[in-house]
Amino acid sequence: MKPLRFPAGLYGVTPDWADTARLLTAVRHAAEGGMRSLQLRRKNATADERAAQARALVPLCRELGVVLMINDDWRLALEVGADGAHLGRDDDALAGVRREVGPDLLLGVSCYNDLDRARDLLAQGADYIAFGAVFASSTKPQAVQAPLSLLTEAAALADTCPAPRPAVVAIGGITAQNAPLVAQAGADAIAVITGLFEMPDIRAAARACAAACASVQRGAPARPQP
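The rules behind each value
- Residues numbered from 1 in each chain as written.
- Predicted model: local features only at pLDDT ≥ 70, side-chain atom pairs only at ≥ 80, totals over all residues.
- Heavy atoms only, no water.
- Phe/Tyr/Trp six-rings, centres within 6.5 Å; stacked < 30°, edge-to-face > 60°.
- Helix = DSSP H or I, 4+ residues; strand = E, 2+ residues; numbered from the N terminus.
- Buried < 20%, exposed > 50% of the residue type's maximum accessible area, 1.4 Å probe, protein only.
- Lys NZ or Arg CZ within 6 Å of the ring centre and 35° of its normal.
- UniProt positions renumbered as here; feature names shortened; annotations may be inferred.
- Polar contact = N/O pair within 3.5 Å; in protein donor to acceptor, adjacent residues only side chain to side chain.
- Pairing = 2+ DSSP bridges.
- Axes fitted to C-alpha atoms, helices over the stretch in contact; angles between N-to-C directions.
- Contact = heavy atoms within 4.5 Å.
- Parallel < 35°, antiparallel > 145°, perpendicular 65-115°, else oblique.
- Left-handed = near helix turned anticlockwise from the far one by under 90°.
- Nonpolar A, V, L, I, M, F, W, Y, C, P; charged D, E, K, R; others polar.

What about the packing of aromatic side chains?
One pair of aromatic rings is described through two measures. These are the centre distance and the angle between the planes.
Alright, step 1. Evaluated as defined, the whole model comprises four aromatic pairs.
Alright, step 2. Seen from their ring centres, tryptophan 17 and phenylalanine 197 are 6.2 Å apart, and the 75 degrees between their planes marks the pair as edge-to-face. Of the two residues, tryptophan 17 is situated in the loop between β1 (9–13) and α1 (20–32) and phenylalanine 197 in helix α8 (residues 194–197); the sequence distance between them amounts to 180 residues.
Alright, step 3. Given a relative accessible area of 2%, phenylalanine 197 falls into the buried group.
Alright, step 4. Each residue in the set Phe6, Tyr11 and Tyr128 is aromatic and connected to the rest through ring pairs, giving one cluster.
Alright, step 5. The ring centre of tryptophan 17 lies 3.7 Å from the NZ or CZ of arginine 22, which sits over that ring.
Alright, step 6. Sitting above the plane of the tyrosine 112 ring, arginine 89 keeps its charged end 3.9 Å from the centroid.

Take a look at the structure:
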């Protein structure tokens, strides 16, 4: 198996919480349950609020050995010393961001249900390609649907890249119960919001999601950057 540029397994995505203390506690519990990476996603926060939470998460994630990604804002990722940034369709073009940040900042991209988009973004230097929603999502109920078969095609595409290869990430409605289907279809990592952070026992939810992926991971997990 080729090693990965981004950690396999459970990829937590933060809910839109303003309470930073609550968020930090939840992230610690998720990491204790097996979460390997985290995306700070604050769509409804001000720039200052988002930056404050990012600064609070950086030392915690370093302590926990969790890769920290910042949604939508690669400049903030650089500013606070996060491991990387996640870019969507409406964010800056990946090729330009890669030229600005160099090879060391991890860059993940949303590919929705579009394999051609994934192919193009891999050529531009994406460290992971994310597809979804694979199931109905309460966070983004209007999201396009990405069938499990698309993950299989994406996995074959990622395998054509040199090692360490980009990871395939799945998002949208994923829970501990359906995670094995997603991993078996070809996802290296599962991005989970509600099925992790809105559960009564976050540590137990993380443990269940991580275990669901562990037996079918296709590559060796990457390690956090120093």
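Quick look at the UniProt feature "binding site: Mg(2+)" (unreviewed entry) in the chain
Alright, step 1. Within the UniProt annotation, "binding site: Mg(2+)" (unreviewed entry) is assigned to Asp72 and Asp91. A maximum C-alpha distance of 6.2 Å among these annotated residues, which run over 20 residues, shows that they cluster at one spot.
Alright, step 2. For aspartate 72, the position within the fold is in the loop between β3 (67–71) and α3 (74–80).
Alright, step 3. Of the polar contacts made by the side chain of aspartate 72, one reaches the side chain of lysine 43; its length is 2.7 Å.

With respect to the sheet that holds strand β4 (residues 84–87)
Alright, step 1. Pairing within the closed barrel is parallel, and its eight strands lie in the order β1-β2-β3-β4-β5-β6-β7-β8. The average undirected angle you get between the axes of adjacent strands in this sheet is 25 degrees.
Alright, step 2. Relative to strand β8 (residues 189–192), strand β7 (residues 167–171) runs parallel, the two being bridged by three bridges. Bridging from a neighbouring strand, alanine 170 pairs with isoleucine 190 of β8.
Alright, step 3. Taken strand by strand, helix α2 (residues 47–64) contacts β2 (37–40) and β3, and its axis lies near 170 degrees from that of β2.

Concerning unusual backbone geometry
Alright, step 1. Residue alanine 133 is reached from glycine 132 by a cis peptide bond, and omega for that bond is 15 degrees.
Alright, step 2. Residue placement: alanine 133 occurs in the loop between β6 (128–131) and α6 (148–158).
Alright, step 3. Look at the link from alanine 163 to proline 164: it is a cis peptide, with omega at -5 degrees.
Alright, step 4. Positive phi, normally seen in glycine, also occurs at aspartate 72, with a value near 75 degrees.
Alright, step 5. Since its relative accessible area comes to 29%, aspartate 72 is described here as partly exposed.
Alright, step 6. Of note in the backbone geometry, tyrosine 112 takes a positive phi value of approximately 60 degrees without being a glycine.

Comments concerning the UniProt feature "binding site: 4-amino-2-methyl-5-(diphosphooxymethyl)pyrimidine" (unreviewed entry) in the chain
Alright, step 1. As annotated by UniProt and renumbered to match this structure, "binding site: 4-amino-2-methyl-5-(diphosphooxymethyl)pyrimidine" (unreviewed entry) occupies Gln39, Leu40, Arg41, Arg42, Lys43, Asn71, Ser110 and Lys140.
Alright, step 2. Residue position: glutamine 39 is located in strand β2.
Alright, step 3. Residue glutamine 39 is classed as buried on the basis of its relative accessible area, which comes to 5%.
Alright, step 4. Sequence-distant contacts of glutamine 39, that is, excluding residues within four places in its chain, are made with Tyr11, Gly12, Val13, Thr14, Met69, Asn71, His86 and Tyr128.
Alright, step 5. Engagement of the side chain of glutamine 39 in a polar contact is seen with the side chain of tyrosine 11, the distance being 3.0 Å.
Alright, step 6. By the secondary structure assignment, leucine 40 is in strand β2.

A short note on the packing of α1 against α2
Alright, step 1. Interhelical geometry of α1 versus α2 gives an angle of 25 degrees and a closest axis separation of 11 Å. Of the possible angle classes, the one that applies to α1 and α2 is roughly parallel. Seen along the crossing, α1 lies across α2 with a hand that is right-handed. Between α1 and α2, the contacting residues are Thr20, Leu23, Leu24, Val27, Arg28 and Ala31 on the first element and Gln53, Ala56, Leu57, Leu60, Glu63 and Leu64 on the second.
Alright, step 2. When its residues are assigned to classes, the contact of α1 with α2 shows eight nonpolar, two polar and two charged.

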